[in-house]
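# Reading the structure
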Amino acid sequence: MIQSSCGTWYKDMSISGIGACLFGYADDEVDECVIRTIKNGVASSLNSELEEKVAEALLQFIPGHTHVRYAKGGGEAMSIAIRIARSFTKKSTILFSGYHGWSDWYLAANVTDQSSLDNHLIKNLAPNGVPIELKGTSMPFEYNNLSDLSNKIEQNKSNLACIVMEPARSMEADASYLQGVKQLALKHSIPLIFDEISSGFRQSKGPYAAKFQVTPDIYVFAKSIGNGYPIAAITGVSSLMNEFNHSFISSTNWTEAVGLSATEAVLKKFTNSNPENKIVELGNYWAQIIAEVSAKSEFELQTNGLPGMRYMMHPADSDLFRTFFTKFGLSKNYLVAGRYYPNTAQTKNDIDGYAELLTDTISHYKKMNSRERLTYCGRVLPGGFNVLDIQHV
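To keep things clear, this report deals only with the structure shown in the data block.

### What about the overall build of the protein chain?
From N to C terminus, the protein chain includes 12 helices and 13 strands. Along the three orthogonal principal directions, the C-alpha set of the protein chain runs to about 65 × 50 × 50 Å. A sequence separation of at least 24 residues applies to 73% of the contacts in the protein chain between residues at least 6 apart. Accessible area of the protein chain: about 18500 Å², with a carbon and sulfur share of 50%. Distance from the positive charge centre (36 side chains) to the negative charge centre (40 side chains) of the protein chain: 2 Å.

### With respect to the packing of aromatic side chains
Inspection of every chain in the model, using the stated rule, returns 21 aromatic pairs. Linked through ring pairs, Trp-286, Phe-299, Phe-321, Phe-324, Phe-325, Tyr-340, Tyr-354, Tyr-365 and Tyr-376 together constitute an aromatic cluster. The positively charged end of Lys-327 is found above the aromatic ring belonging to Tyr-376, 5.3 Å away from the centroid.

### Points about helix H2 (residues 49-59)
The complete set of buried residues in H2 reads Leu-50, Glu-51, Val-54, Ala-55, Leu-58 and Leu-59. Each buried residue of H2 sits inside an arc of 150° when the element is viewed along its axis, so together they form one side. Exposed side chains of H2 directed beyond 90 degrees from the buried face belong to Glu-49 and Glu-52. As for H2, its buried residues are in contact with helix H1 (28-40), strand E3 (67-71), strand E9 (232-236) and helix H8 (257-272). For H2, the side-chain oxygen to backbone nitrogen distance between the N-cap and Leu-50 is 3.0 Å, and the N-cap itself is Ser-48.

### Here we look at the sheet that holds strand E8 (residues 218-221)
If you trace the 7 strands from one edge of the open sheet to the other, you get E3-E9-E8-E7-E6-E4-E5, paired in mixed fashion. Edge positions in the sheet fall to E3 and strand E5 (138-140), since each of these pairs with one other strand and no more. Sheet twist, expressed as the average angle between the axes of neighbouring strands with direction ignored, equals 20°. Pairing geometry for E8 and E9, over 4 bridges, is antiparallel. Pairing of Ile-218 across the sheet is with Gly-236, part of E9.

### A closer look at the packing of helix H9 (residues 275-297) against helix H11 (residues 348-367)
Look at H9 against H11: their axes get within 10 Å of each other, and the N-to-C directions meet at 30°. Between H9 and H11, the angle falls in the class roughly parallel. As H9 runs across H11, the sense of the crossing is right-handed. The residues of H11 that touch H9, namely those facing Glu-281, Leu-282, Tyr-285, Trp-286, Ile-289, Ile-290, Val-293 and Ser-297, are Lys-348, Ile-351, Asp-352, Tyr-354, Ala-355, Leu-358, Thr-359, Ile-362 and Lys-366.

### Here we look at the environment of Val-220
Within the element layout of this structure, Val-220 appears in strand E8. Spatially, the C-alpha atom of Val-220 lies 21 Å from that of Asn-343, the residues being 123 residues apart in sequence.

Reading guide: rules and limits
- Residues numbered from 1 in each chain as written.
- Predicted model: local features only at pLDDT ≥ 70, side-chain atom pairs only at ≥ 80, totals over all residues.
- Heavy atoms only, no water.
- Helix = DSSP H or I, 4+ residues; strand = E, 2+ residues; numbered from the N terminus.
- Contact = heavy atoms within 4.5 Å.
- Areas by Shrake-Rupley, 256 points an atom, 1.4 Å probe, with all protein chains shown as cover.
- Lys, Arg positive; Asp, Glu negative; His and termini not counted.
- Charge placed at Lys NZ, Arg CZ, Asp CG, Glu CD.
- Phe/Tyr/Trp six-rings, centres within 6.5 Å; stacked < 30°, edge-to-face > 60°.
- Lys NZ or Arg CZ within 6 Å of the ring centre and 35° of its normal.
- Buried < 20%, exposed > 50% of the residue type's maximum accessible area, 1.4 Å probe, protein only.
- Arc of directions from axis to C-beta.
- Polar contact = N/O pair within 3.5 Å; in protein donor to acceptor, adjacent residues only side chain to side chain.
- Pairing = 2+ DSSP bridges.
- Axes fitted to C-alpha atoms, helices over the stretch in contact; angles between N-to-C directions.
- Parallel < 35°, antiparallel > 145°, perpendicular 65-115°, else oblique.
- Left-handed = near helix turned anticlockwise from the far one by under 90°.

Dropping the structure here:
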């Protein structure tokens, strides 16, 4: 449950804090650990012992990696990883697949063609404020297409700094594909970075890619490892991570202890139990329920994504129906959207309640004509990235 600023309580069956709150919004074990840390002070002139303790705990999940650095958010951590790779190779061009945040290095792909990122989760990302001089320094490759990656490596290998990718998001990864990416990186001596900000420590005990026996040179984690508290981690092999000593990369708050204490508690949970199993169970049950509601209501709905990051679409008019569903849900004290990121505080009973809401929504939707649906929505929220614009008059 989550309470709005006006005091109304809602059952959240949407994205669990943008995927960050794997254990729900107020997990006792995590919060108690954080509170103890706050009472002892979160910053001092000496490094917190949590830096080393959390690094050792994190590396237990990542055989082959020997170094850890911290940041406060995923986008920031990705920029650090890119800086490391560029420092190591003394080259500039990035080949990437997937969504990697708001930083200049990533949005540079849209400088000359604003549709370059459209197939990488979020459409129409505006590169306003990104220097035009970064044109050509980042370019996407097609997921699950080794030929496309191989061709782009050949075209850019004289100035190629690294390959960056999400190992999976909208579909389960294919082992041969990820292994093929790794082999291409090794063949051309190109650092490989896996962005597991969303996928890591969610439906797997550690990195998602580990189940395919593929270890990149660098992993980037955030979201789930802090259960909503600000923390990100970059892990890697010593040859690349030592580049921290050769480039200026620093921040006062990277090792502030609140996020570290949250991560310590989260990693203990993954060590002592199997939260990933419940996430997979809930995510798969949700997809099953959507299929059942779709069939019974004679209303086409489709789902995709990993168990811990599910997506729902109504192909006939996805934006309109998603907006309608969200607004209808609010009237019933539910937060719902076109996505479902399960957390361990939820149960199958919660998903059953979601199914009743969805069935009721479809019934109301089908009774209305197009004009009535638009009137009910007020404004159709387009797909892609949207922000709340608050203006003081």
